[in-house]
Amino acid sequence: MKQNLTSTGLAVALTTALLSGCSGGGSDAPAASDRDNNQAVAGDQTAKGPVDRFSDGRIFTINPGTGATNDMVAAMIQMRPGDVMSFGCGFFELDQGLLLQATENIRIEGCGKDETVLSFRNSVNVTGLEALNVRGITVEGLTILDSPGDAFKLKGVKWGTLRDVRAIWSGGGTPITADNYGERLHVACTAPPFNEGDPAVDYVPSSASGRYGIYPVESENILVENSESVGASDAGIYVGQTNTAIIRNSRAVYNVMGFEIENVQGGEYDNNVAECNTGGFLIYDLENITQYGDTSVMLNNIASNNNTYNFAHSGLVSAVPRGTGFITLGYDNIEIFNNVFEDHSTAAVIYTSYELIDGKDKTSDKKLDPYTEGLHIHNNIMRNSGYDLPPPDLEAVLDGQVETVLPTLIGIKNASNPGKGAHIVWDGLLDDLDADCGYPLDANGEPVPMDENGKPIHTNAHPNPACHYNAYKFNAMAERKLPQWGSCFHSNDLGAESQPYMNFHGTQGLELVLAAAEQDPSILSPEGIQSILEGASGAMADTDASVHDCQARFGQTLAALPRVVIPPYEPSGDIDPAPSEEYINRLCERNVSPGSVNRRALEVNCPRLDQYNLFADAQDPRSTPNEGGVPFVLNSKLFSDYSTKYRVAFIPPGTRAIYYDGQNGGNLNGALHFPNGTVIAKTFTFTDESQGTEELVETRLLIRRVGESGKPFWDGLTYIWETDASGNLVANLAMGGGTRAVSWHYQDSNSGRLLSGSTDHYAIPNANQCITCHSNDDVASGSAPIGPKPRNLNRPYSPESSFMGTQGQGGFPQLNQLQYWQDQGLITGMPTLTIDGRGIATNVERLPHWNVPGDGGEVAGSAADIEQRTRAYLEVNCQHCHNDRGAASNTGFYLDHFRPVNASYGICKKPTATGGGSCGRQHVIVPGDPDASIVSCRVGSDNDPQRMMPPIGRSLAHAEALELLDNWIANVVTEDYENGDACGGGTIFQSLAQ
């Protein structure tokens, strides 16, 4: 029977541990003699009697009111298998996002999407509800309102269901509030604004709205049903980079793109309604991200009146012309049948390729197939299409704004119906056999896996090939395999009021227009362009759809694609239920001998830091560590509002960490491999050398535990320092995080630069936010360490602050840290080191101090030095999320230490999503132009959840780091970098000129 915890019970429940078990099997487990002679607890007949180790499944009830945010946070960090978070009926004003991490078989529920409304209008977090690395989650019966970024985000979720939910933004009208939400949640579609500034009678769209309404990404077995999205500035209901996904019985209205399937393997749209969006439905592949898609079915849907002007900031979706019912791009095997497409001003269906966007053979990601093939469109109804194309803005096109490219081409090339579109519009572009392009190889020189058709199954872990392999589409005589790799249209009911079909032949003939424009720019008018194209053979559109009549041409059509089936849920068993409060108290209140760590208590989350007995002085985590704890510092560290930090590793006696370097050891992004029972403590302080003070703010612990399944994981705990009633300093467990007003005035120990300032909003992350950053590609799951990589430890120990002098950890030997650990028997697998006069090992990897010119061995201030130090900063502050296994893996923007600086490192890379996070800019890094680079905007932003990067653990922009980053982009990165010439090639006209 579930335990029902009301809001008054959550504060008490918050002190319970989230997970348990620090002992376990394996060669790195402590021997029995090293466990401080701890007695067994659970189930043993001790003097105190046995206790139950785990609690039952619980119901956390959250009600509207001033305490709702605290109650929600208290509940979300405890969610364990079988738990339910239940929101009451009414309007909630929440100033933090709902973040769920590393758990399974949980449920979030409300009273219904019209009765429970969670407003995140004033939230400090970018996402409303976010589930990361969760196995089995159902969210049902609630609305998320005005999330700064995405409303519902599932990432790394296996078996996720979103049912009877709504994402909605107030848009450009008056805010939706507790007083009016009953009327404002229901948005009709009667007369969408064709152009910005037109009357908007139903809803006022806004580019300030968040990006995605419903956003499962990099997940498996996803079901979205009976749900709705209103007003997203990118896509309303989206599934991306996911295997096996169904979206059914749902509605999208007044988003830029209503429904979006991106890089999905096995997707299905069934019985949905898309209306009053810019575009109704999209199925496509995006370049440079985790996986490439194949096989999606679209049936029984209605796309109607999707004619709202495009209000996206940037990215590919910003190029979708208003008045599009369905569009596909670079995605193979799509079946579209039994759908209704009506009242679209550009086209019911647009069938296009990346060749149109990038130019032939100019798509930089050669793993991506630029062409959609295996497209089967049959038994659909199409009415009233192509009647009012968006007006062309040719000057904007030449300046790189791609929004008007498609309708401009369609209207100009339509000789039979000038200025109009059609029911079905095709760019006419097909892949040509590249017989000289060999089959692609992986990083080890082995062939990339292939599907049953011989198509390479690429991921972003594979190197970018030199060419786009496409031999699987052609037979031995170099003839295209049809209809397998064709497009088959038949049995569609096409309304007579509109042109049925047009093939506008891509960019054919536009090279003549470009040449003429160089002589006479006035030729760039619709009439002038059309006069040139009419004289070019094959340049104008044709209306012969027989090329898609597969039955007539080949005696067969494309076979029906399989419907998507989501398999039954399977729990992993890797996540333990929550430990009981009695069990926690029994372990944490044990008496241990002086100088010994309370290792049995490391199984659970103790209410006070001193209960672990980690430090000689319980009131000072800067004092001497107990039980051989080793202080350490890093070459380059994470920025946390100019705090100074004290780090200590407690490796269980008799065990050792394992050394693996980056490339030769195959440990590209991971830290040292620590044994079970390891504790890493990091204390954040704020130093004022002018006053001779140093304020203790928080101590974070990372503990490597072992669950009941026997699998190790890292758990992260936060303790906030306070003064108790007796005047003593005490660090209390604060899994919900907090804020603190702080100030600092000190000389940086590396650069010598004086740093001085203050903030009222220093952020102490909650437990689930810690997992967001720390859940990287370490060998164990959970909140794995980020900083203690061999290359970041290669230096002599020296405390960040001079406050302790030679006392406590300030008195620790200032020797090369790796060498010291080896001498003390704390590490194994490390080569014999060669130490230079600076105390640096010269024969192993080393990360430089990002803020010390020349520290990495390059000439100070040289291009190589600036790039080396910029990359060090980005690795420590951003790479833990921006790698192909991190929290930002879906962005395709990766900052791994050994990755070449190319498109995947951001060079001329387009953003995967729009919204305020793109800052209205078109590329992540633009050579020579930091003011046009998204990354500069995001690193330099604060007080804006959509833009701040990193988004957690800071309230200020890091001015010194931004100065270095902008210097690198402005003065080092050039168009000679790989993909560096792609920033200016964003339009058809520009690609022709290259």
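The residue numbers shown here count from 1 along each chain, following its written sequence. Only residues with pLDDT of at least 70 are given local features in this predicted model, and only at 80 or more are side-chain atom pairs given and counted; all residues enter the totals for whole chains, interfaces and linings. Remark: hydrogens and water are excluded; side-chain values derive from all non-hydrogen atoms of the structure.

## Focus: the overall build of the protein
Helix and strand labels come from DSSP, where a helix needs a run of H or I of at least four residues and a strand needs a run of E of at least two; each type is numbered from the N terminus. Helices and strands together make up the secondary structure of the protein, namely 17 helices and 44 strands. Within the protein, the fraction of its 994 residues that count as buried is 62%. For this analysis, residues touch if any pair of their heavy atoms sits within 4.5 Å. In the protein, the proportion of contacts linking residues at least 24 apart, taken out of those at least 6 apart, comes to 67%. Only the protein chains shown count as cover for residues, and all accessible areas are computed by the Shrake-Rupley method using a 1.4 Å probe. If you sum the accessible surface of the protein, you get close to 34,900 Å²; carbon and sulfur atoms cover 48% of it. Exposure categories follow from relative accessible area, calculated using a 1.4 Å probe and restricted to protein chains: below 20% of the type maximum is buried, above 50% is exposed, and the middle band is partly exposed.

## Re the sheet that holds strand 33 (residues 501-503)
Strand order in the open sheet formed by eleven strands is 5-8-10-12-15-18-21-24-27-30-33, with parallel pairing between adjacent strands. Only two strands of the sheet have a single neighbouring strand rather than two, namely strand 5 (98-101) and strand 33. In this sheet, neighbouring strand axes are inclined to one another by 10° on average, regardless of whether the strands run parallel or antiparallel. As judged from the five bridges shared by strand 21 (residues 279-284) and strand 24 (residues 324-329), these two strands associate in the parallel manner. Along strand 24, the bridge assignment pairs I283 with T328. What makes two strands pair is DSSP finding at least two bridges between them. Axis angles are defined between N-to-C directions and span 0 to 180 degrees, where every axis is a line fitted to C-alpha atoms and, for a helix, only to the segment in contact.

## Considering the state of the cysteines
Two cysteine sulfur atoms form a disulfide, by the criterion used here, when they sit within 2.5 Å. Evaluated as defined, the whole model comprises six disulfides. Paired by a disulfide, C189 and C276 hold their sulfur atoms 2.0 Å apart. Judged by the torsion about the S-S bond (80°), the C189/C276 disulfide is right-handed. With C189 in the loop between helix 3 (181-184) and strand 12 (212-217) and C276 in the loop between strand 20 (273-275) and strand 21, this residue pair connects regions lying 87 residues apart in the sequence. With its sulfur 2.0 Å from that of its partner, C437 forms a disulfide with C467.

## Topic: the pattern of salt bridges
Whenever a carboxyl oxygen of Asp or Glu lies within 4 Å of a side-chain nitrogen of Lys or Arg, that contact is scored as a salt bridge. Tallied over the entire structure, the rule returns 46 salt bridges. Two residues, R248 and E225, come together in a salt bridge whose shortest N-O distance is 2.9 Å. Taken together, the residues span a long stretch of sequence, with R248 in strand 16 (residues 243-248) and E225 in strand 13 (residues 220-225) at a distance of 23 residues. Among the residues examined, E225 registers a relative accessible area of 9% and is labelled buried. For K455, the salt bridge identified is with D332, shortest N-O distance 2.7 Å. Separated by 123 residues along the polypeptide, K455 in the loop between strand 30 (422-426) and strand 31 (487-490) and D332 in the loop between strand 24 and strand 25 (334-337) bring together distant segments of the chain. One continuous salt-bridge network, built from bridges that share partners, spans R107, E109, E140, R163, E225 and R248.

## So, the environment of W968
Mapping W968 onto the fold places it in helix 16 (residues 959-971). A relative accessible area of 0% places W968 in the buried class. Separated by 105 residues in sequence, W968 and A863 place their C-alpha atoms 7.7 Å apart. Apart from the residues lying within four places of it in its own chain, the contact partners of W968 are I866, E867, T870, V901, Y905, I925, V973 and Y977.

## Details of unusual backbone geometry
Cis rather than trans, the peptide bond between L482 and P483 has omega equal to 5°. Inspection of the secondary structure assignment puts P483 in the loop between strand 30 and strand 31. The backbone of T295 shows a phi angle near 75°, a positive value even though the residue is not glycine. Locating T295 in the fold gives a position in strand 22 (residues 294-299). Looking at T295, the relative accessible area reads 21%, which means it is partly exposed. With a phi angle near 55°, D641 is a residue other than glycine that sits in the positive phi range. Its place among the elements puts D641 in the loop between strand 34 (630-632) and strand 35 (644-650).

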